[in-house]
Amino acid sequence: MSSQSLHFFTPSSTACPNITFPKPSLPFPNRRSPFASSPRTFSIRAVSASSDPNPAPPPVVVADNGAGSRVVAAADSSSIDVDKVTEAELKENGFRSSRRTKLVCTIGPATCGSEQLEALAVGGMNVARINMCHGTREWHKRVIERVRRLNEEKGYAVAIMMDTEGSEIHMGDLGGAPSVKAEDGEVWTLSVRAYDGNRPERTITVNYDGFAEDVQVGDELLVDGGMVRFEVIEKIGPDVKCMCTDPGLLLPRANLTFWRDGSLVRERNAMLPTISAKDWLDIDFGIAESVDFIAVSFVKSADVINHLKSYIAARSRDNDIAVIAKIESIDSLKNLKEIIEASDGAMVARGDLGAQIPLEQVPAAQQRIVEVCRQLNKPVIVASQLLESMIEYPTPTRAEVADVSEAVRQRSDALMLSGESAMGQFPDKALTVLRSVSVRIEKWWRDGKHHEAMELPAVGSSFSDRISEEICTSAAKMANNLEVDALFVYTKTGHMASLLSRCRPDCPIFAFTTSTSVRRRLNLQWGLIPFRLGFSDDMESNLNRTFSLLKARGMIKSGDLVIAVSDMLQSIQVMNVP
Ligand SMILES: Nc1ncnc2c1ncn2[C@@H]1O[C@H](COP(=O)(O)OP(=O)(O)O)[C@@H](O)[C@H]1O
Ligand SMILES: C=C(OP(=O)(O)O)C(=O)O
Ligand SMILES: [K+]
Ligand SMILES: [Mg+2]
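The name given to the chain in an unreviewed UniProt entry is Pyruvate kinase, with Linum tenue as the source organism. One UniProt comment on the chain, placed under Sequence similarities (unreviewed entry), says "Belongs to the pyruvate kinase family." Of the chain, the UniProt comment under Pathway (unreviewed entry) reads exactly: "Carbohydrate degradation; glycolysis; pyruvate from D-glyceraldehyde 3-phosphate: step 5/5."

A. Structural detail: the sheet that holds strand β16 (residues 256–260). In spatial order, the strands read β11-β10-β14-β13-β12-β16-β17; together these seven strands make up an open sheet with mixed pairing. In the strand order of this sheet, the two ends are held by β11 (203–205) and β17 (263–264), each with one partner. Where strand β10 (residues 187–191) meets β11, three bridges bridge the pair, whose relative direction is parallel. By the bridge assignment for β11, T189 is matched with T203.

B. Just the packing of aromatic side chains, in detail. Inspection of every chain in the model, using the stated rule, returns 13 aromatic pairs. Ring geometry for F488 against F547: centres 5.9 Å apart, planes inclined by 50°, an arrangement best described as tilted. Here the residue F488 occupies a position in strand β23 (residues 486–490), and F547 occupies one in helix α17 (residues 539–552), the gap between them amounting to 59 residues. One exposure class covers both F488 and F547, and it is buried. Following the ring pairs from residue to residue traces out a cluster consisting of F95, F488, Y490, F510, F512, F531, F535 and F547. Between R315 and the ring centre of Y311, over which it is positioned, the NZ or CZ distance is 3.7 Å.

C. Region of the structure containing the domain arrangement of the chain. Domain assignment breaks the chain into domain 1 (3–51), domain 2 (60–90 + 453–576), domain 3 (102–167 + 272–447) and domain 4 (180–269). Measuring from the centre of the C-alpha atoms in domain 2 to the corresponding centre in domain 4 gives 52 Å.

D. Structural context of helix α6 (residues 302–315). Helix length check: α6, at 14 residues, gives a terminal C-alpha distance of 20 Å against a target of 20 Å (1.5 Å per residue), a fit within 8%. Taken as a whole, α6 has its buried residues at A302, V304, I305, L308, Y311 and I312. Looking at the buried side of α6, the elements it contacts are α5 (277–288), β18 (293–296), β19 (322–327) and α8 (336–342).

E. Molecular detail of the confidence of the model for the chain. Overall, the prediction assigns the chain a mean pLDDT of 85, with 85% of residues at 70 or greater. Segment residues 9–76 is flagged for pLDDT under 50; beyond a separation of four residues in sequence, or across chains, it makes 110 contacts in the model. Scoring of the predicted complex yields 0.86 for pTM and 0.99 for ipTM.

F. Molecular detail of the nonpolar core. Ranked by internal contacts, the top residues of the largest apolar core, which has 70 residues, are I107, I369 and L387. Once residues within four sequence positions are removed from consideration, I369 is found in contact with I327, L333, L336, I340, V348 and V380. In this structure, I80, L90, F512 and L533 belong to the second largest nonpolar core, which totals 26 residues.

G. Summary view of empty space enclosed by the protein. Tallying each qualifying case throughout the model produces six cavities of 30 Å³ or more. A volume near 130 Å³ is recorded for the second largest cavity. Elements that contribute at least two residues to the lining of the second largest cavity include exactly α1 (84–97) and β25 (528–533). For the lining of the second largest cavity, the residue count by class is five nonpolar, four polar and four charged.

H. Fine view of the sheet that holds strand β22 (residues 414–417). Pairing is parallel in the closed barrel, where eight strands are placed in the order β6-β7-β8-β18-β19-β20-β21-β22. Averaged over all pairs of adjacent strands, the angle between their axes in this sheet comes to 25°, without regard to strand direction. Two elements, strand β6 (residues 102–106) and strand β7 (residues 127–131), share three bridges in a ladder whose sense is parallel. Bridge pairing in β7 links T106 to R129. Taken strand by strand, helix α10 (residues 362–375) contacts β19, β20 (345–349) and β21 (380–383), and its axis lies near 160° from that of β21. Seen against the sheet, helix α13 (residues 427–447) touches β6 and β22 and runs at an angle of roughly 160° to β22.

I. Structural context of the site of ligand 1. Neighbouring ligand 1 are 13 residues, the closest being R129, N131, H134, S418 and M423. Taking R129, its side chain carries an N or O atom lying 2.8 Å from an oxygen atom of ligand 1. At a separation of 2.7 Å, an oxygen atom of ligand 1 approaches a polar side-chain atom of H134. Within the complex, the protein chains bury 77% of what would otherwise be the 530 Å² of accessible surface of ligand 1. Elements that contribute at least two residues to the shell around ligand 1 include exactly β7, α3 (137–154) and α12 (419–422).

Procedures and definitions
- Residues numbered from 1 in each chain as written.
- Chains lettered and ligands numbered in written order.
- Predicted model: local features only at pLDDT ≥ 70, side-chain atom pairs only at ≥ 80, totals over all residues.
- Heavy atoms only, no water.
- UniProt positions renumbered as here; feature names shortened; annotations may be inferred.
- Pairing = 2+ DSSP bridges.
- Helix = DSSP H or I, 4+ residues; strand = E, 2+ residues; numbered from the N terminus.
- Phe/Tyr/Trp six-rings, centres within 6.5 Å; stacked < 30°, edge-to-face > 60°.
- Buried < 20%, exposed > 50% of the residue type's maximum accessible area, 1.4 Å probe, protein only.
- Lys NZ or Arg CZ within 6 Å of the ring centre and 35° of its normal.
- Domains from an automatic or database assignment.
- Expected span 1.5 Å × (residues − 1).
- Contact = heavy atoms within 4.5 Å.
- pLDDT = per-residue confidence, 0-100.
- Core = buried A, V, L, I, M, F, W, Y, C linked by side-chain atoms within 4.5 Å.
- 1 Å grid on protein atoms, 1.4 Å probe; cavity = no way out; pocket = protein on both sides within 12 Å on 5 of 7 lines; lining within 4 Å.
- Points joined across faces, edges and corners; volume = space filled by probe spheres on them.
- Nonpolar A, V, L, I, M, F, W, Y, C, P; charged D, E, K, R; others polar.
- Axes fitted to C-alpha atoms, helices over the stretch in contact; angles between N-to-C directions.
- Near = heavy atom within 4 Å.
- Polar contact = N/O pair within 3.5 Å; in protein donor to acceptor, adjacent residues only side chain to side chain.
- Areas by Shrake-Rupley, 256 points an atom, 1.4 Å probe, with all protein chains shown as cover.

Below is the structure:
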């Protein structure tokens, strides 16, 4: 194999020019004796990969077999797993034009069957999201089982995200009706009473016991951020009489916010916990079902994220459930940086965000959230109303296409469908729109060489992490300048892969990882094509084996130009596929 590699090595007294050093394992720079006092210089040397006099013996790799139990496999296990749909997209569009933006679909009554789920998987769904605000745990469990079965039997790699309900104030169910119209000038009763079956006409229930105490006559009540508007005209015990001032459709469990003198009233419900008692039970359910992501609604501070992460760590077998912070409240915007730092990713939850801040401020908030996430190396999802009109119509509006384009242009990691896929009439068509707009805008970006000047600050605290970051930044830049076909990254935890993704390079990133759960988590990150592969610390043998496995599947061919990095050996290798 002809290859050039740039290895980072420590110039210690024992350094022999052709030996590459494993990454320093000491976590803090000031504990790095014997070099602590002298300035540390790192050289980049080109050495031939084949000249390493001490190739590591083939080690044993511990891999997750996907069903939960861990198996110890020989490093030379001869298989490679990749999502069937990504493989097809790659073969169809070529390296350059394969889709980089990931797609999340909320699963609801319109898409919960196996056939419908499979249609979404084929259409490019990378993550299936279940919203615990709706449906029963049994219902969600069946959806998870169906997705898992499709993955196993049909070769998809759809990850599961569970979204908590959170302590929001919302209306109850509408007695089974899918929606109810509220007309201008009508008087409705909003009540905390529980009606069993015989709910009076024009009455809706509210889930928050303090509701009647908290609202005042004259307050404005916004349903779903303004889809319907009421004014409070009278309070009678637990019942609140309201007049409809903006007519519209009321949907089951629609979100409620109330406004006084032009500002959002949130003193009382600010006291409610971010994670309610019911949410903790849902989280236990999510852990038991080994979901890949838990998205936390109405996050106000980093504390709740830290709390949840330690809760998961104590209970989850492999501690591999990623925690996503939903940015959808004023407090979450105030504490944005700390929250994102504490989380494994974030969601721009524009539905509720737009009910909490003036609508015209949502685009700037989105831009800022995406930027902070990219800088802190956390995946970010742009969510809600991307293609809202497609709940009813088979084509999107021009404005919706422009909105989707903007999220792709901002280079967010993922786009999400909510009502469009959960209860809309055209879930597959909506997904197709997301897919084709993504591919188109990404191509426009690459062809126009719109490489942004976004500064990517150092995120790691240890010296070793800093080296990894420099390697990834350099490798991504080299990949653009040399116009390579693909970046390869061998990563056990997924961290190196995310650092490459953060740079948003022009070519796709093939991320090889030993565990099925890391592979599923990488599904949410921009430009990554996750593969499950057993590998060793010997990069030369890893590369040779990967090349032959991928060639056999027709995914690469001789002559393709590849840059490879790994988190076992801190090096950059540039080579043509033999
Ligand atoms: N599991 C479910 N069961 C029934 N309906 C659902 C389910 N999930 C979502 N939906 C429907 O899809 C709509 C959009 O979903 P989503 O945006 O996740 O929820 P919300 O509107 O509560 O923010 C919901 O309002 C609800 O009508
Ligand atoms: C994604 C959101 O959360 P949910 O759909 O759960 O309200 C949102 O508010 O935009
Ligand atoms: K929710
Ligand atoms: Mg929300």
